[in-house]
Amino acid sequence: MKEEEKTKKKKGKKSVVLWLFGVGVFSVATLLVSQFAFIDNFNSNKTFMDNTTINGIDVSGLTERQAENVVAYNLLNVRDEISLNLSYKDKNWTFAGSDFEIATDIDKKVHEAIEYGQSGNFFEKRKIKNKVKKEGLAFNVSYKSVLGGIESKIDDVVAEIEQDSAPAEVVFNPDSEQKFDLIPAKNDIKVDKEKLIQEIDEQLATSKTAQVEIPTTELVTEVDKEAILSKLGLRSKFSTNYSKSTNNRKNNVKRALSSFNGMVVAPGQKVSFNETTGPRTEENGFKKANIILNGAYVEGVGGGVCQASTTLYNALLLSGIDVVEASHHSLPASYVPLSLDAMVSEGVSDMVFVNNMDSPIYIKTYGTDTEIIVEIYGNKLADGEEIRTRAELVKILPHNGDKIVPDTNEEYSNYIVYKGEYYRVKYPQEGYESKAYVQYLKDGELLSEKEVRHDFYYPQEGIIMEGTEEVSEGITLPENKVKFIPPQIVTEAETMNVRKRVEKNNPPMYNP
């Protein structure tokens, strides 16, 4: 019995111990569950740990929203004291806080601060909390967060600094002894905007003032100035004589060509003479002088402009430039061979050229008292290369002699009145069929030749005016000194003489 009782007592004690142990385990589990339930509840209503500051403001025990309001108020209160200075080389951009819009972009930083120490298990969090309580925890929100529109202002600054690379640019100075200079190539410059904003943010995190040197990357373009300029030189030069012209005519020739002085023509660019010189008006600098109209010389504003276009035309041909539009006069010009003139008239005829080379050409024009000159510059011709022009008289087109016209309007009453009285207005003029060629030579040897013109200068009738009144009885008319010229008969000998005269002498009878 005693042994049984002892056994029962032992079992009873063991049961009590097991029960107590069970109660203990349950209590600890309940406590832990309760504790973690408290933590979860704490996380849903988070407050800052004791001894936590943001920008020096104690936010201990505050919720995230409360801290945001307090910090924003503090930052906005000192917003006018904020200063931002950006610099790049010798340039500076300074902004005050008042230059920006009002903003409060602080929520991310405040959220980061309240989340500090919230990761890990209960014991780790408790350890961090105790450490913060003892040592303190400080966060800083950058003053940049209250500068609204700062990205836009940074973009404006970046736009002033950044540049795309560009090749070196040749500068043409037609009236200087040194005709060419070089503007250096532009380097490719890019701003590291992300790094710039980061630097601004970091400095304004601890100070109301930021001094930031703008970070850039620059790709330097190396240029051999001497090598570029050494390729450039005179390609052609052509002049015509106007020593016998009136001052008004000389003015018109020089005025027209002055529109081309200093012109730079890019590869593929098309240039119109009429568009470049503008209207032939006195307001545009042109004066009255003789012009060729319907095979005769009459006075008109802009007389002589055709000599300007012709001089430019020949200089272009000699430089190897394509002239895509050019016309001849009704009468041969005295200052150039046949088919090498270029008649221009507003709305009627133009001289148009295109730069057919892969590099620019540069035009210089100037005049003296006796001649007008055009020079074409560009990449020099290779050593030994030469370009020439050649004119060819194909045949003479005979004139039909004189035509007698009655002076019914009495335009010439100072000279003639009666029938049988004559006054010559115009001599008959033979015409010509002609061609022009451009020749390409190397070391004096002709390599090729191309025809650029095939023209017909049509013959002109002579005009003799006759009075219209009947001769009264008793009146004797003076001897007629006007010689009538019959239709022209062109012999072989005359053809030879005319060919020499036209091709070599440019006879003075054609002078305007």
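Residues numbered from 1 in each chain as written. Predicted model: local features only at pLDDT ≥ 70, side-chain atom pairs only at ≥ 80, totals over all residues. Heavy atoms only, no water.

1. Focus on the overall build of the chain
Moving on, step 1. Scanning the chain from N- to C-terminus turns up eleven helices and 27 strands.
Moving on, step 2. Sequence-distant contacts in the chain: of pairs separated by 6 or more residues, those separated by 24 or more amount to 73%.
Moving on, step 3. As presented, the chain carries roughly 29700 Å² of accessible surface, and 50% of it is formed by carbon and sulfur atoms. (Helix = DSSP H or I, 4+ residues; strand = E, 2+ residues; numbered from the N terminus. Contact = heavy atoms within 4.5 Å. Areas by Shrake-Rupley, 256 points an atom, 1.4 Å probe, with all protein chains shown as cover.)

2. Describing the sheet that holds strand β18 (residues 322-325)
Moving on, step 1. One open sheet holds the three strands; their spatial order is β15-β19-β18, and the pairing between them is antiparallel. The open sheet has two edge strands with one neighbour each: β15 (270-272) and β18. Adjacent strand axes in the sheet meet at a mean angle of 30 degrees when their direction is disregarded.
Moving on, step 2. Note: β15 against strand β19 (residues 352-354), three bridges, orientation antiparallel. Across the sheet, the residue bridging to Ser-272 is Val-352, located in β19. (Pairing = 2+ DSSP bridges. Axes fitted to C-alpha atoms, helices over the stretch in contact; angles between N-to-C directions.)

3. Quick notes on the confidence of the model for the chain
Moving on, step 1. The share of residues in the chain with pLDDT of 70 or more is 87%, and the mean pLDDT across the chain is 87.
Moving on, step 2. This model gives residues 8-44 a pLDDT under 50, and the stretch forms eight contacts once residues within four places in sequence are excluded.
Moving on, step 3. Within the model, the stretch residues 505-512 combines pLDDT values under 50 with 22 contacts to residues more than four positions away or in other chains. (pLDDT = per-residue confidence, 0-100.)

4. Examining a negative patch on the surface
Moving on, step 1. On the surface, a cluster of negative charge is contributed by Asp-383, Glu-385, Asp-443 and Glu-445.
Moving on, step 2. When you line up the elements, Asp-443 lands in the loop between β25 (431-442) and β26 (445-457). (Patch = residues over 30% accessible without salt bridge, like charges linked within 9 Å, V, L, I, M, F, W, Y side chains within 5 Å. Salt bridge = Lys/Arg side-chain N within 4 Å of Asp/Glu carboxyl O. Lys, Arg positive; Asp, Glu negative; His and termini not counted. Charge placed at Lys NZ, Arg CZ, Asp CG, Glu CD.)

5. Focus: helix α5 (residues 150-161)
Moving on, step 1. Along its twelve residues, α5 runs 17 Å from first to last C-alpha, staying within 8% of the 16 Å computed at 1.5 Å per residue.
Moving on, step 2. Looking at the buried residues of α5, the elements they touch are β3 (83-88), β4 (91-96), β7 (147-148), β10 (188-191), α6 (193-204) and β12 (216-219). (Expected span 1.5 Å × (residues − 1).)

6. Overview of the side chain of Thr-277
Moving on, step 1. Looking at the element boundaries, Thr-277 is found in helix α9 (residues 273-277).
Moving on, step 2. Given a relative accessible area of 2%, Thr-277 falls into the buried group.
Moving on, step 3. From its side chain, Thr-277 meets the backbone oxygen of Asn-274 in a polar contact 3.4 Å long.
Moving on, step 4. Setting aside residues up to four positions removed in sequence, Thr-277 forms contacts with Arg-255, Ala-256, Ser-259, Phe-260, Asn-284 and Phe-286. (Buried < 20%, exposed > 50% of the residue type's maximum accessible area, 1.4 Å probe, protein only. Polar contact = N/O pair within 3.5 Å; in protein donor to acceptor, adjacent residues only side chain to side chain.)

7. Comments concerning the packing of aromatic side chains
Moving on, step 1. Counted under the stated rule, the structure contains 13 aromatic pairs.
Moving on, step 2. Ring geometry for Phe-172 against Tyr-362: centres 5.3 Å apart, planes inclined by 50 degrees, an arrangement best described as tilted. Pair noted here: Phe-172 is in strand β8 (residues 169-172) and Tyr-362 is in strand β20 (residues 361-367), with a separation of 190 residues, a long-range link.
Moving on, step 3. Classification of Phe-172 as buried rests on a relative accessible area of 10%.
Moving on, step 4. Tyr-362 gets classed as buried once you look at its relative accessible area, which sits at 4%.
Moving on, step 5. Aromatic pair Tyr-422 and Phe-484: ring centres 5.2 Å apart, planes at 85 degrees, arrangement edge-to-face. Of the two residues, Tyr-422 sits in strand β24 (residues 422-426) while Phe-484 sits in the loop between β27 (462-466) and α11 (492-505), which places them 62 residues apart along the sequence.
Moving on, step 6. Note on Tyr-422: relative accessible area 22%, which makes it partly exposed.
Moving on, step 7. According to the relative accessible area criterion, Phe-484 is partly exposed, its value standing at 39%.
Moving on, step 8. Above the plane of the ring of Tyr-242 lies Lys-250, whose end atom (NZ or CZ) is 5.7 Å from the centre. (Phe/Tyr/Trp six-rings, centres within 6.5 Å; stacked < 30°, edge-to-face > 60°. Lys NZ or Arg CZ within 6 Å of the ring centre and 35° of its normal.)

8. Notes on the pattern of salt bridges
Moving on, step 1. Under the definition given, this model contains 21 salt bridges.
Moving on, step 2. Lys-193 is the partner of Glu-151 in a salt bridge, and the nearest nitrogen-oxygen pair spans 3.5 Å. Here Lys-193 lies in helix α6 and Glu-151 lies in helix α5, a separation of 42 residues in the sequence.
Moving on, step 3. Its relative accessible area of 27% is what places Lys-193 among the partly exposed residues.
Moving on, step 4. Between Glu-451 and Lys-435 there is a salt bridge, with its nearest N and O atoms 3.8 Å apart. On the criterion of sequence distance, the pair formed by Glu-451 in strand β26 and Lys-435 in strand β25 is long-range, its members being 16 residues apart.
Moving on, step 5. Using a relative accessible area of 43% as the deciding quantity, one classes Glu-451 as partly exposed.
Moving on, step 6. What you see here is one network of salt bridges that share partners, running through Glu-151, Asp-155 and Lys-193.

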